[in-house]
Amino acid sequence: MNARIALLLAIALPLSASAEITGKAIKIGVLNDQSGPYADLAGAGSVAAAKMAAEDSGGKIGDATIEVIFADHQNKPDVGSNIARQWYDVDGVDVIVDVPTSSVALAVSQITREKNKVFLGSSPGTSDLTGKACSPNTIHWTYDTYALAHTTGSAVVQTGGDTWFFLTADYAFGQALERDTSAVVISSGGKVLGSVKHPLNTTDFSSFLLQAQSSKAKVIGLANAGGDTINSIKAAAEFGIVRGGQKMAGLLVFLSDIHSLGLPTAQGLFVSESFYWDRDEKTRAFSKRYAQRMNGRMPTMAQAGVYSAVLHYLKAVKALKSDSDGRAVVEQMKKTPTDDPAFGKGSIRQDGRKLHPMYLYEVKKPAESKGPWDYYKLVKEVSPELAFRPLDKGDCPLVTAQK
């Protein structure tokens, strides 16, 4: 009789577990900028990365297929929020991935918590996602403003750049990046002489750069990203700012930005990255596969982060045999060490911060580059413990509740 009961249980358990995959599909929504200033660093490349992760996970878990959809949030919190609600309430999306533009990411994180789904942020920068705005349903994957400040910012100060003026994108990301970098500059003995805020996706940086130039600061810190970073560096070159003795510090510069700028313009820039395609054999093999889908383009750290995050999410769903409880999936992701060809081995903290090294690179001179996409030389590797904010310093309610 006991043997018969055990046999019945063995048959019944897989059936009941598989029923917890909602809608007979695991639906991944890539929400990002498909047409604006962040399209190159995320955009269609992030969709391709998510599809790679789905395929590398077998394309299905049990009887449930893995589907990837995408949408353009136009860098607007209201648009992003409406898409997130539609996806969760009507379209059966289980997890939203990527989401550049921190103001959109903060809104999506809150909605995800309300709906008990999962949000995996690869492209947003604000460290508030694992600080005061942390959530049991959100993991911040690739980088954040604290890590950028403590990798690029500290290196520039140590090389003599001890007076700063910030050119800041006027939304949550830019404000957080200026805040975190200012703290590093001041704690290192430097001074912040001022800042000016510019609208997202602006085309004319002349008045902003004139203010930065007149400040006489040794360093002009670019607290912006994507097309804004590219355009501000190009405009600074036209104004002769670097020739005049001031340095430009790109606090968030992606590989796609360097590709757009070209080495003659970008050479000598310090950049912080958590992923670079040419770092080791595994990253090269992963990137070669990715490039075959993207007309030869190598992945940015944001796009590699989408691949890594989706891969780990699907491992958690497979382990739980369920995608229905977002918080449970995130807890499973936190309990399981991360390991993938893009980032190697890592972990996820209780506040939702994914931990891995950060790398400080210098952009090569044209003569140093051996071919297409060979843009960086390593300056130093920064350990996760030094790169990311200490767990007890972020005011994350998930952490303070455990004390």
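As a reminder, the structure under discussion sits directly above these lines.
Right, let's walk through the structure included here.

Calculation rules
- Residues numbered from 1 in each chain as written.
- Predicted model: local features only at pLDDT ≥ 70, side-chain atom pairs only at ≥ 80, totals over all residues.
- Heavy atoms only, no water.
- Pairing = 2+ DSSP bridges.
- Helix = DSSP H or I, 4+ residues; strand = E, 2+ residues; numbered from the N terminus.
- Axes fitted to C-alpha atoms, helices over the stretch in contact; angles between N-to-C directions.
- Contact = heavy atoms within 4.5 Å.
- Buried < 20%, exposed > 50% of the residue type's maximum accessible area, 1.4 Å probe, protein only.
- Polar contact = N/O pair within 3.5 Å; in protein donor to acceptor, adjacent residues only side chain to side chain.

Ordered in space as β11-β15-β16, the three strands form an open sheet in which the pairing is antiparallel. Bordering the open sheet on either side are β11 (270–273) and β16 (376–382), each of which pairs with just one other strand. Taken pair by pair, the neighbouring strands of this sheet meet at an average axis angle of 30°, ignoring direction. Here β11 runs beside strand β15 (residues 358–363); their pairing, made up of four bridges, is antiparallel. Residue pairing for β15: S272 is matched across the bridge by L360. Strands β11, β15 and β16 of the sheet are contacted by helix α5 (residues 145–158), whose axis makes an angle of about 50° with β15.

You can see I111 is positioned in helix α4 (residues 102–115). What makes I111 buried here is its relative accessible area of 3%. Distance from I111 to Y88, taken between C-alpha atoms, is 9.1 Å for residues 23 residues apart in sequence. In this view, I111 contacts S81, A84, R85 and Y88; residues no more than four positions away in its chain are not counted.

Checked against the element boundaries, Q246 lands in the loop between α8 (226–239) and β10 (247–250). When its relative accessible area of 9% is taken as the criterion, Q246 is described as buried. There is a polar contact of 3.2 Å between the side chain of Q246 and the backbone oxygen of A212. With residues near it in sequence (within four places) discarded, Q246 still touches A212, Q213, S215, K216, A217, K218, I220 and I241.

Despite not being glycine, N75 has its phi angle at roughly 60°, a positive value. Note that N75 resides in the loop between β3 (64–72) and α3 (77–91). According to the relative accessible area criterion, N75 is buried, its value standing at 10%. A positive phi is found at N201, a non-glycine position, where the angle reads about 65°. Assignment of secondary structure puts N201 in the loop between β8 (191–198) and α7 (206–214). For N201, a relative accessible area of 44% puts it in the partly exposed group.

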